[in-house]
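So you can see what is in the structure, the chains are spelled out below.
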Amino acid sequence: MQVRVVASAMRTAGVSEPLTLAQAKSWQAMTVEPPAWMIALLVDAATRRSRREHHAQQRAGDEEHRMLLVADKVQRRLLAGQHIRGADAMHIATDLAFRAQKELCRGARPEDLFALDLAALRWAGVDPHDRNTWFLIG
């Protein structure tokens, strides 16, 4: 809490004696019950912190949802052999191709890969039957 906020609350409550660091720490740790004006400040601070956390979680959820929609669009476009545009879409497509190529390097046969894996490899310019096109060496 900012000193000016605490000082304002103290003035409003008519408190004239100085606040010590030991008092503030004991009130914050709740080892000693704080006065009503301090409880109001602690409740207000907790409310603001809770709102900030809620908004941060909401933004994270919105971003996750957006990325799921982008991933779905990328998968459909790869399977249809269409172009991929946008930084996020390119990142997802590259990741899919990289993962598919890792499977090849681990010894998987091209016939063992899913259609999406093969489509991602095609998009990346990798022929699963030609090791010379692989950007990973297995």
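Quantities reported herein were computed from a predicted structural model and do not represent experimental measurements. (Residues numbered from 1 in each chain as written. Predicted model: local features only at pLDDT ≥ 70, side-chain atom pairs only at ≥ 80, totals over all residues. Heavy atoms only, no water.)

1. Remarks on the packing of aromatic side chains
Stage number 1. Summed over the entire model, instances satisfying the criterion amount to one aromatic pair.
Stage number 2. Ring centres of W27 and W37 lie 5.7 Å apart, and the angle between their planes is 85°; this geometry places the pair in the edge-to-face category. Of this pair, W27 sits in helix 2 (residues 21-29) while W37 sits in helix 3 (residues 36-80), and the two are ten residues apart along the sequence. A single burial state applies to W27 and to W37, both of which are buried. (Phe/Tyr/Trp six-rings, centres within 6.5 Å; stacked < 30°, edge-to-face > 60°. Helix = DSSP H or I, 4+ residues; strand = E, 2+ residues; numbered from the N terminus. Buried < 20%, exposed > 50% of the residue type's maximum accessible area, 1.4 Å probe, protein only.)

2. Examining the environment of A124
Stage number 1. Following the sequence through the fold, A124 ends up in the segment after helix 5 (115-123).
Stage number 2. As for A124 and F135, which are separated by eleven residues in sequence, their C-alpha atoms are 9.5 Å apart.
Stage number 3. Apart from residues no more than four positions distant in its own chain, A124 is found in contact with A97 and F135. (Contact = heavy atoms within 4.5 Å.)

3. With respect to unusual backbone geometry
Stage number 1. If you check the backbone angles, M30 has positive phi at about 65° while not being a glycine.
Stage number 2. If you trace the backbone, M30 turns up in the loop between helix 2 and helix 3.
Stage number 3. Among the residues examined, M30 registers a relative accessible area of 55% and is labelled exposed.

4. Digging into the nonpolar core
Stage number 1. V74, L78, I84, I92 and L96 are the most contacted members of the largest nonpolar core, which totals 13 residues.
Stage number 2. When contributions to this core are tallied by element, the ones reaching two or more residues are helix 3, helix 4 (87-105) and helix 5.
Stage number 3. Ranked by residues supplied to this core, first place goes to helix 4 with five residues.
Stage number 4. Each residue touching L78, except ones within four places of it in the same chain, is listed here: I84, A93, L96, L116, A119, A120 and W123.
Stage number 5. W27, W37, M38 and L41 belong to the second-largest nonpolar core, a separate cluster that totals seven residues. (Core = buried A, V, L, I, M, F, W, Y, C linked by side-chain atoms within 4.5 Å.)

5. Regarding helix 3
Stage number 1. The first and last C-alpha atoms of helix 3 sit 66 Å apart over 45 residues, in line with the 66 Å expected at 1.5 Å per residue.
Stage number 2. Turning to helix 3, its buried residues are W37, M38, L41, A45, V70, A71, V74 and L78.
Stage number 3. Along its buried surface, helix 3 packs onto helix 1 (3-13), helix 2, helix 4 and helix 5.
Stage number 4. Of the residues trailing helix 3, G81 is marked for its positive phi of about 75°. (Expected span 1.5 Å × (residues − 1).)

6. Considerations on the layout of surface pockets
Stage number 1. Here the largest pocket is characterised by a volume of approximately 210 Å³.
Stage number 2. Looking at the largest pocket, it is lined by 13 residues, and the ones nearest its centre are M1, V6, L19, A24 and M38.
Stage number 3. The calculated volume of the second largest pocket comes to roughly 170 Å³.
Stage number 4. The wall of the second largest pocket is formed by M1, Q28, L42, V43, A45, A46, R48, R49 and R52.
Stage number 5. At seven residues, the largest contribution of residues to the lining of the second largest pocket is made by helix 3.
Stage number 6. The residue inventory of the lining of the second largest pocket, partitioned by class, reads five nonpolar, one polar and three charged. (1 Å grid on protein atoms, 1.4 Å probe; cavity = no way out; pocket = protein on both sides within 12 Å on 5 of 7 lines; lining within 4 Å. Points joined across faces, edges and corners; volume = space filled by probe spheres on them. Nonpolar A, V, L, I, M, F, W, Y, C, P; charged D, E, K, R; others polar.)

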